[in-house]
Amino acid sequence: MQEIYVFDGTAQNPLRPVAEASNVDPLLLQAAQSDNFDWMEPMFASGDSDHFYITVFRQPQKAGGIIAAFNASGECMFCVIANTNLDLMAASSHFSGMVANVRYGVDIWENADDAGYDD
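Let us look at the structure shown here. In this text, all values refer to a predicted model and were calculated from it rather than measured experimentally.

**Overview of a nonpolar patch on the surface**
Reasoning step 1: Where nonpolar side chains cluster on the molecular surface, the patch consists of Met-43, Phe-44 and Met-89 and spans about 250 Å² of accessible area.
Reasoning step 2: As for its position among the elements, Met-43 is in strand β3 (residues 41–48).

Structure representation (structure tokens):
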């Protein structure tokens, strides 16, 4: 089972494990627990499907959504629930930057031999 977090931009610590969060949308929690995002609207994806990527899903007809992080085999590693659209955008920005940094690190590692570095 993957990790599940809740993002609350108004909190001092905006990212908390779901067990420590209050007022979590029950539909979003059920989707995260079951890895069932088929009923949600995909907004965008970021990263590299050969390594690590996120997909941002919006809850239809209601505020909020889920940022789901996947590994190269398509396994969901963690989900971040956002109860509001503002929190969804803030969390999406944060995790998009994270996967960009991961991809940059992979590029450096993959090209280390070309730069003359030894393992």
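**Side note on the pattern of salt bridges**
Reasoning step 1: Applying the stated criterion across every chain, the model contains two salt bridges.
Reasoning step 2: Among the ionic pairs, Asp-25 bridges to Lys-62, the shortest N-O distance being 3.0 Å. Here Asp-25 is found in the loop between β2 (15–17) and α1 (26–34), whereas its partner Lys-62 is found in the loop between β4 (52–58) and β5 (65–71), with 37 residues between them in sequence.
Reasoning step 3: The residue Arg-58 makes a salt bridge to Glu-41 at a minimum N-O spacing of 3.1 Å. Here the residue Arg-58 occupies a position in strand β4, and Glu-41 occupies one in strand β3, the gap between them amounting to 17 residues.
Reasoning step 4: Owing to a relative accessible area of 35%, Glu-41 belongs among the partly exposed residues under this scheme.

**A few points about the environment of Ala-82**
Reasoning step 1: Its place among the elements puts Ala-82 in strand β6 (residues 76–82).
Reasoning step 2: Those residues in contact with Ala-82 that lie beyond four places of it in its chain are Phe-7, Leu-28, Gly-64, Gly-65, Asp-87 and Leu-88.

Analysis parameters
- Residues numbered from 1 in each chain as written.
- Predicted model: local features only at pLDDT ≥ 70, side-chain atom pairs only at ≥ 80, totals over all residues.
- Heavy atoms only, no water.
- Patch = residues over 30% accessible without salt bridge, like charges linked within 9 Å, V, L, I, M, F, W, Y side chains within 5 Å.
- Areas by Shrake-Rupley, 256 points an atom, 1.4 Å probe, with all protein chains shown as cover.
- Salt bridge = Lys/Arg side-chain N within 4 Å of Asp/Glu carboxyl O.
- Helix = DSSP H or I, 4+ residues; strand = E, 2+ residues; numbered from the N terminus.
- Buried < 20%, exposed > 50% of the residue type's maximum accessible area, 1.4 Å probe, protein only.
- Contact = heavy atoms within 4.5 Å.

So yeah, pure geometry; function would need other evidence.
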